[in-house]
Amino acid sequence: MRNCTMKTTKFLLLVIAILALSCSKDDDQTINLAPVIKAQSFSASETAIDTEIFGTVTATDVNEDALSYSITANSDDLFEITKTGALSLASGKTLDFETKTTHEITVEVTDGKAKASAKVTITVTDGNDTPAISAQSFTAAETIEDTVVIGTVTATDENGDQITYSIITNSNDLFEITTTGELSLAVGKTLDFETKSVHEIIIEATDGNHSASETITINVSDITTVSTLAGGGPITVFNAPQGLVVDASGNVYVANVYNHTINKITPDGTVSVFAGSVKGYANGTGSAAKFHFPIDLAIDASDNIYVADQGNHCIRKITPGGVVSMFAGSEFGLSGNIDDTGSAARFNGPTGITVDANNIIYVTDINSHLIRKITPLKEVTTLAGSIKGYAEGTGTAAKFSFPSDVVADNSGNVYVTDQSNHRIRKITSSGVVTTFAGSSSGYAEGTGSAAQFNFPTRITIDPSGNLYVTDLQNHRIRKITSAGVVSTLAGIESGYIDGDASIAKFERPYGIAIDASLNLYVTDETGNRVRKITQ
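Report on the accompanying structure. Owing to the predicted nature of the structure, the values given are computational and were not obtained by experimental measurement. (Residues numbered from 1 in each chain as written. Predicted model: local features only at pLDDT ≥ 70, side-chain atom pairs only at ≥ 80, totals over all residues. Heavy atoms only, no water.)

## Some thoughts on the overall build of the protein
Next up, step 1: Counting its regular elements, the protein contains 1 helix and 42 strands.
Next up, step 2: Computed over its C-alpha atoms, the radius of gyration of the protein comes to 46 Å, more than 25% above the 24 Å expected for a compact globule of 535 residues.
Next up, step 3: Principal-axis analysis of the C-alpha atoms places the extent of the protein at approximately 180 × 50 × 40 Å.
Next up, step 4: A total of 535 residues make up the protein; the buried ones form 49% of that total.
Next up, step 5: Excluding contacts between residues fewer than 6 apart, the proportion of contacts in the protein whose partners are at least 24 apart in sequence is 50%. (Helix = DSSP H or I, 4+ residues; strand = E, 2+ residues; numbered from the N terminus. Rg over C-alpha atoms; globule rule 2.2 N^0.38 Å. Buried < 20%, exposed > 50% of the residue type's maximum accessible area, 1.4 Å probe, protein only. Contact = heavy atoms within 4.5 Å.)

## A few points about unusual backbone geometry
Next up, step 1: The backbone of glutamate 64 sits at a positive phi, close to 60°, despite the residue not being glycine.
Next up, step 2: Even without being glycine, aspartate 173 reaches a positive phi, approximately 55°.

## A word on the sheet that holds strand E9 (residues 149-152)
Next up, step 1: One open sheet holds the 3 strands; their spatial order is E9-E12-E11, and the pairing between them is antiparallel. The sheet is open, and its two borders are formed by E9 and strand E11 (175-177), each paired with just one other strand. The mean angle between the axes of side-by-side strands here comes to 25°, regardless of whether they run parallel or antiparallel.
Next up, step 2: As defined by bridge partners, E11 adjoins strand E12 (residues 182-185) across 3 bridges and the pair is classed as antiparallel. Counterpart to isoleucine 177 in the pairing with E12 is leucine 183. (Pairing = 2+ DSSP bridges. Axes fitted to C-alpha atoms, helices over the stretch in contact; angles between N-to-C directions.)

## Describing the pattern of salt bridges
Next up, step 1: Under the counting rule described, the total for this entry stands at 13 salt bridges.
Next up, step 2: Linking arginine 316 and aspartate 309 is a salt bridge whose minimum nitrogen-to-oxygen distance equals 2.7 Å. Accessibility classification places arginine 316 together with aspartate 309 in one group, the buried group.
Next up, step 3: Here aspartate 524 makes a salt bridge to arginine 531, at a shortest N to O gap of 2.6 Å. Of the two residues examined, aspartate 524 and arginine 531, each falls in the buried class.
Next up, step 4: Bridged by salt links that share partners, the residues Asp339, Asp365 and Arg372 form one connected network. (Salt bridge = Lys/Arg side-chain N within 4 Å of Asp/Glu carboxyl O.)

## Concerning the environment of glycine 336
Next up, step 1: In this structure, glycine 336 sits in the loop between strand E24 (323-329) and strand E25 (350-355).
Next up, step 2: When the C-alpha positions of glycine 336 and alanine 39 are compared, they lie 112 Å apart, and in sequence the two are 297 residues distant.

Here you go:
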């Protein structure tokens, strides 16, 4: 019995020991609790950059575990957060107060076992914005003066700060700008459409803290003006002036038809008699020479002048020294239609004349309705034409009606003002004749046969192949591009007005010539004037 009691006692003691040990282990075990994160707010300037930390999100953990942060809901993917809670803009992102003043994101925090999240608000503050300037363009007439404002460059600043302007890249130092943005030519500078029609400069706008720049374009408009170079007085100066040419020094020579002289006009407008005196026929120097209705002129690269001496039915030559001689045609005023050399050849009222780069002379033999060709050896042949009429074709198969003038291009083509057919005809070097522009009598702009002229009389050409024609009865100067597009360069109706080409008036514009600067010279036959067209 005693043994049994002892065994029972030992068993009970063992159970009590096990229970005690078990209770001791349960008392040492810790329960893991989730981190605690609360809603938080931060402020960030709209000028903040993506490397700038504008706040650190915080959370607590009763177990003091290491915490890690991430964004689970982002506002336009604008933000990023480090594992330690540092909040910044995502790479390349920016804030804009004017677009959105508050952003909300959801930040999650974890201790590796449990998670929690909260809303984080970022309030955007209005910072000092960079001025906004856009590309702008202005138009300036090539005649604009340096005292005239071309235009005012504008920029905006969201903060209302004062903006000042400056030029950081200038086109040939042509322009200047005031601090308030008024753009003009620099002092003493000018524009020229023919030299450069578009200029680009870079303008900087600054509010004192931030700057922005942009390209500003200045388009130069082509301005054509008409002025009077000489004449308009008594007929002792000019009496029905017609053909004219310009020499290398800018002197203008005029066929003064009814005064039977060739007059010279210097660039300053001084008029003198270069050759001729009274009606007749005589070779000689200056006033010792005589002409009979000299009607048109041509000039070569050496400034020798060739005269269509219409009343004497011949072609005369005048050296730069004023020495007049016979070049081709009868020395006795005999008319006719004979192809031959020098004085053996015959013309019948030569009216228009030109000389090409190879010193080949072309003549419109108006009363024979022919286009004649003269070599430097004075060999006269017929290039095209036969009897009066209108026909396309090659050589003598073609027909003209009182062809009044001729000009040659650099490719060997010849252009003729076919006066009574109201057309501009083209003759290739092989003698093929076609209509380049014009149709029936009238006035119309257009291309080729869609255009109309009313007695096109004289013609000249510029280095680009543009033709200029005196449209006699329309009292206008017409321009024809190398593609045959016809437009009006100057003139509106009969009269006399200088000024802008759109209001200028001519009185039967007859002769026309062009100088190296593309200025045109026109004889106003009825007004006895020589006009200058600056383009």
